[in-house]
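# Geometric and topological summary
Listed below are the residues making up each chain.
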Amino acid sequence: MDFTGTLNDQMRGFYRSKYVCNGESRNMAVTQFEAADARRCFPCWDEPAFKAKFKLTLEVPSDLIALSNMPVVKETVSGPIKTVYYEESPLMSTYLVAIVVGLFDYIESSTSEGTKVRVYTQVGKTNQGTFALDVGVKSLDLYKDYFATPYPLPKLDMIAIPDFAAGAMENYGLVTYRETALLYDELQSSASNKQQVAITVAHELAHQWFGNLVTMEWWTHLWLNEGFASWVSYLAVDSLFPEWNNWTQFLDETTSGLRLDALAESHPIEVEINHASEIDAIFDSISYDKGASVIRMLQSYLGAERFQKALASYIKKYAYSNAKTEDLWAVLEEESGEPVKDLMTTWTKQQGYPVIYAKLNGQYLELEQAQFLSDGSSGTGMWIVPITSCCGSYDAQKKFLLKEKTDKMHIKEFTASQSSDGDKNIWIKLNIDQTGFYRVKYDDELAAGLVNAIKAKKLSLMDKIGIVEDSYALSVARKQTLTSLLRLLNAYHDESDYTVLSHVTSVCLSISKISVDATPDLNNDIKKLLINLLLPAAIKLGWDRKDGESHLDVMLRSLLLIGLVRLGHNETINEGVRRFHIFFEDRKTSLLPPDTRKAAYLAVMRTVSMSNRSGYDALLKIYRETAEPQEKSRVLGSLSSSPDKDIVLEALNFMFTDEVRNQDSYYILGGISLEGRDVAWTWLKTNWDHVLKTWNSSSLISDFINSIVSPFTSEEKAAEVSEFFACRMKPSFQRALKQSLERVRISARWIESIRSEPSLGEAVQELLRGAA
Ligand code: BES
Ligand code: ZN
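Since the model is a prediction, treat every value here as computed from it, not as a measurement.

### Points about the overall build of the protein
A count of helical and extended segments in the protein gives 28 helices and 22 strands. Radius of gyration (C-alpha) of the protein: 26 Å, near the 28 Å computed for a compact globule of 772 residues. Overall, the C-alpha framework of the protein stretches about 85 × 70 × 60 Å when taken along its three principal axes. Of all 772 residues assigned to the protein, the portion counted as buried reaches 60%. Counting only contacts in the protein whose residues sit at least 6 apart along the sequence, the fraction spanning at least 24 positions is 70%. For the protein, the exposed area adds up to about 30,100 Å²; of that, 49% sits on carbon and sulfur atoms.

### As for the pairing of strand β6 (residues 81–86)
Two faces make up the sheet, and in a regular strand the side chains alternate between them. Relative to β6, strand β3 (residues 57–61) is paired through five bridges, and the arrangement is antiparallel. Bridge assignment links Pro61 to a residue of β6, and that residue is Ile81. As judged from the six bridges shared by strand β5 (residues 72–78) and β6, these two strands associate in the antiparallel manner. Bridging from a neighbouring strand, Thr76 pairs with Thr83 of β6.

### Focus: the side chain of Gln434
On the secondary structure map, Gln434 appears in the loop between β21 (428–430) and β22 (439–442). Polar side-chain contacts of Gln434 include one of 2.7 Å to the side chain of Lys429. Once residues within four sequence positions are removed from consideration, Gln434 is found in contact with Leu251, Arg296, Lys429, Met462, Asp463, Gly466 and Asp470.

### Details of the site of ligand 1
The environment of ligand 1 is made up of 14 residues, and the closest members are Gly167, Glu170, Glu204, Glu226 and Tyr288. Separating a nitrogen atom of ligand 1 from a side-chain N or O atom of Glu34 is a distance of 3.3 Å. A distance of 3.3 Å is found between an oxygen atom of ligand 1 and a backbone nitrogen or oxygen belonging to Ala168. Computed on the free molecule, ligand 1 has an accessible area of 520 Å², of which 81% lies beneath the protein chains in the complex. Elements that contribute at least two residues to the shell around ligand 1 include exactly β11 (168–169) and α3 (191–207). Among the elements that make up the shell around ligand 1, the one with the highest residue count is α3 (four residues). In terms of residue class, the shell around ligand 1 is built from five nonpolar, five polar and four charged.

### A word on the sheet that holds strand β9 (residues 116–121)
In space, the five strands of this open sheet follow the order β8-β9-β10-β12-β11, with mixed pairing throughout. At either end of the open sheet lies a strand with only one pairing partner, and these are β8 (105–110) and β11. When β8 meets β9, the two strands line up antiparallel, connected through six bridges. Along β9, the bridge assignment pairs Glu108 with Arg118.

### Quick notes on the coordination of the zinc ion (ligand 2)
Looking at the zinc ion (ligand 2), one finds its protein donor set to be His203 (NE2), His207 (NE2) and Glu226 (OE), positioned 1.9 to 2.1 Å from the metal centre. Each donor residue of the zinc ion (ligand 2) belongs to the same chain, with the gaps between them written as H-x3-H-x18-E. Placement of the pair is His203 and His207 together in helix α3, with a separation of four residues, close to one helical turn. Overall, His207 belongs to the buried group, its relative accessible area being 0%.

### Points about helix α11 (residues 444–455)
Relative to the 16 Å expected for 12 residues at 1.5 Å per residue, α11 spans 17 Å between its end C-alpha atoms, a close match to the ideal helical length. Residues of α11 that are buried include every one of Leu446, Gly449, Leu450, Ala453 and Ile454, and no others. Looking straight down α11, one finds that the buried residues subtend no more than 140 degrees of arc, so they occupy a single side. Opposite the buried face of α11, by more than 90 degrees, sit the exposed residues Asp444 and Glu445. Those residues of α11 that are buried are in contact with β15 (354–361), β16 (364–372), β21, β22, α12 (461–476) and α13 (482–490). Looking one or two places after α11, you find Lys457, whose phi comes out positive at around 60 degrees.

### Regarding helix α14 (residues 498–518)
Here α14 is 21 residues long and its end C-alpha atoms lie 29 Å apart, about the 30 Å a rise of 1.5 Å per residue gives. A large share of α14 lies buried, amounting to 18 of its 21 residues.

### Comments concerning the sheet that holds β3
Read from one edge of the open sheet, three strands run β3-β6-β5, paired in antiparallel fashion. A single partner strand is all that each edge strand has here, and the edge strands are β3 and β5. For this sheet the average axis-to-axis angle between neighbouring strands, irrespective of direction, equals 20 degrees.

### Brief notes about the packing of aromatic side chains
Summed over all chains, the structure comprises 47 aromatic pairs. Measuring from ring centre to ring centre gives 6.1 Å for Phe42 and Phe54, while their planes differ by 55 degrees; the resulting arrangement is tilted. Highlighted residues: Phe42 in the loop between β2 (24–32) and β3 and Phe54 in the loop between β2 and β3, separated in sequence by 12 residues. Considered together, Phe42 and Phe54 belong to a single accessibility category, that of buried residues. Ring geometry for Tyr666 versus Tyr667: centroids 4.7 Å apart, planes at 50 degrees, classification tilted. In this structure, Lys408 is placed above the aromatic ring of Tyr364, and the distance from its NZ or CZ to the ring centre is 4.7 Å.

### As for the environment of Ala181
With respect to the helices and strands, Ala181 occurs in helix α2 (residues 179–182). It is 9.4 Å that separates the C-alpha atoms of Ala181 and Gln195, two residues lying 14 residues apart in sequence. Not counting the four nearest positions on each side in its chain, Ala181 is found in contact with Gly167, Val197 and Thr200.

### Details of unusual backbone geometry
The omega torsion across Glu34 and Ala35 is 5 degrees, close enough to zero to call that bond cis. Of note in this structure, Asn22 is not a glycine but carries a positive phi near 50 degrees. Residue position: Asn22 is located in the loop between β1 (13–21) and β2. One non-glycine residue, Tyr320, adopts positive backbone phi at about 60 degrees. Along the chain, Tyr320 turns up in the loop between α8 (304–318) and β14 (321–323).

### Let's talk about the UniProt feature "binding site: Zn(2+)" (unreviewed entry) in the protein
Mapped onto the present numbering, the UniProt feature "binding site: Zn(2+)" (unreviewed entry) falls at His203, His207 and Glu226. Spatially, the listed residues are clustered: although they cover 24 residues, their C-alpha atoms lie within 8.6 Å of one another. Using a relative accessible area of 9% as the deciding quantity, one classes His203 as buried. Apart from the residues lying within four places of it in its own chain, the contact partners of His203 are Tyr143, Glu226, Ala229, Ser230, Ser233 and Tyr288. Among the polar contacts made by the side chain of His203, one reaches the side chain of His207 at a distance of 3.1 Å. Locating Glu226 in the fold gives a position in helix α4 (residues 222–240). Among residues more than four places away in sequence, those in contact with Glu226 are Glu34, Glu170, His203, His207, Phe283, Ser287 and Tyr288.

### Re the pattern of salt bridges
Throughout the structure, instances matching the rule amount to 47 salt bridges. Between Lys429 and Asp463 there is a salt bridge, and its shortest N-O distance comes to 3.0 Å. Within this pair, whereas Lys429 is found in strand β21, its partner Asp463 is found in helix α12, the two being separated by 34 residues in sequence. Assessed through its relative accessible area of 2%, Lys429 is described here as buried. According to the relative accessible area criterion, Asp463 is buried, its value standing at 0%. Measuring nitrogen to oxygen at the nearest pair gives 2.8 Å for the salt bridge that ties Asp617 to Arg613. Under the relative-accessibility criterion, Arg613 is labelled partly exposed at 23%. In this structure, a network of salt bridges that share partners links the residues Arg12, Asp37, Arg40 and Asp280.

Analysis parameters
Residues numbered from 1 in each chain as written. Chains lettered and ligands numbered in written order. Predicted model: local features only at pLDDT ≥ 70, side-chain atom pairs only at ≥ 80, totals over all residues. Heavy atoms only, no water. Helix = DSSP H or I, 4+ residues; strand = E, 2+ residues; numbered from the N terminus. Rg over C-alpha atoms; globule rule 2.2 N^0.38 Å. Buried < 20%, exposed > 50% of the residue type's maximum accessible area, 1.4 Å probe, protein only. Contact = heavy atoms within 4.5 Å. Areas by Shrake-Rupley, 256 points an atom, 1.4 Å probe, with all protein chains shown as cover. Pairing = 2+ DSSP bridges. Polar contact = N/O pair within 3.5 Å; in protein donor to acceptor, adjacent residues only side chain to side chain. Near = heavy atom within 4 Å. Nonpolar A, V, L, I, M, F, W, Y, C, P; charged D, E, K, R; others polar. Donors = N, O, S within 2.8 Å, 3.2 Å for Na, K, Ca; no water. Expected span 1.5 Å × (residues − 1). Arc of directions from axis to C-beta. Axes fitted to C-alpha atoms, helices over the stretch in contact; angles between N-to-C directions. Phe/Tyr/Trp six-rings, centres within 6.5 Å; stacked < 30°, edge-to-face > 60°. Lys NZ or Arg CZ within 6 Å of the ring centre and 35° of its normal. UniProt positions renumbered as here; feature names shortened; annotations may be inferred. Salt bridge = Lys/Arg side-chain N within 4 Å of Asp/Glu carboxyl O.

The following block contains the structure:
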């Protein structure tokens, strides 16, 4: 069959990426076929269930390296062109076929089974690949044992691509990455860059089994790929870096899943897909984060060992073939004897999740489930909920399935003994370690018990995170007052753990933002209160790295400094600016290593305005001078965060220049200051045609909508935005737009309810006095 394709510029199908080698600008040819773009490169039955063996031959310029899924069997050179023949692949889906042609260097290592693993980087930069290579080799060994199945191909290559729409892509035997997700530089990367590389590598390599060897039958079951790879990447990274406390960090995923799935515009994990254009939009927090979280919930219900055994049989049974969600449940059910299908179907075929209302009635703990929605309404959903609970101590646990709307249990059912009734030290925590994908609303008595337990340091990190996240969500949904949320936050003032404080900080920043619109008079006092909460831990850590400090403390320093800058803490901003100036003169200074740089950049941007713009220009200079993509991303993520609207506008326009790759637009979008939201919206309307033309074909278009629309907080603005898009709707961003509009309306209602809280002002003053 004759077929002519186009080497396009759209980061999908067969496309061109640009890079500089030895001072010369060059092109590379790359493929990105998932979900439905192999057809842009060659004619094929381009659906995951049509597996075939691929035997590729490429004709390429003789001086370039040409990689594909399989090793090269033969190469013949004829002048400027060489022909490269590749081994035949095993049965595989079209979306996993890959080709990369360009100039690279590589480093190599091998697994315990002798599989050759390589990392390809820009010429002269292989030292930045060693970390990923090490994680890659170790992950392959680990998965081979975990899935009780060897890595199926003779080699594995991993390669960094300068223009890349997603974070990484699991092509069979040739995994492609965004540069920031693969390359790690001891001097230029932050601790959080390092974690991201480890998680991404572990995720893509998990796909070599879950996804590539056993493939979803149809895109409806995409979550089997993405949810599983996400979940199992935490397992791998936890085993490689136990000191990162990775399972506690996993609650970031659960949190994103819970937040998105509380929208009426969410969707079930298993979602009907009728057209290729609908697939991109489901690579979202539901498939990834809710998917991974319900897997964790099931694993914790069945037990780790039974779960692993069943997964290994599933992989064996469906190797080189396809499976649907029910096939996995069947294997797990057979292995465990538990009603896995009935239980899990309520979580994967139904959108949303429940909030469990917990009430103490005499000697009984009464439970009731209702669908949780951030707009405050109750949906009609019903779930089979694996309830776990403990009372007074983690030794006194009880587990059962809540199958009906309500249930109750006698307090005596907690196995271990506990102190006598009426003891104010008694506490009951449901959803131990947040393994369940649900929220809990406690009655006042139980909630007070938990606050005491937090203060008395009785609770696990995960439970402390769960309590603050649930409380925040319940407050947004107007099931609980902001006043009570602020009182709860106050119980965290001694906290010094990164994992907990990262959730506390994110809640603080949301409160600070909403209070700008909800209670402008109180905004400064609320900010002061939140600053007081984060300050003790930040002061303890300071700006400078200490010898022998833990990875998580390094992460914490960066988190807190950024949080304090965003909350407008003057001392932190001044110190950030001071260090920035020193760094600007001497890029090698030890006063501003990569971990604290983002905080300093944001501090500088808080002080920048059109009439005092030297900080902005200095950041641009750093951007232009650095060759490091992670450093570039730190600068881009700061540029639009100035309170000056004209600077925000300038940063947004900078995105359209050829100094910023299209793949990097979301850094600038993600940084837009609250003060800049109106100018950003006007900018988006003015430039919509250009934005659409440039970004519509990649899922990056959704970021424009999410980042620019979601910060609004009024019905009028929601109406204005929906009117603008009424005649401009496209399937690529329809879901993102509906979700963003829903968020705007949720904020509008939350604001109304905050304004009607009678004792908020008093409580803020009281809490401020308490901290003084
Ligand atoms: N299969 C995806 C890449 C992808 C995403 C292809 C969207 C087509 C559309 C890949 O396995 C993936 O999930 N990558 C993640 C990184 C991961 C660490 C969660 C990504 O790109 O963000
Ligand atoms: Zn994935």
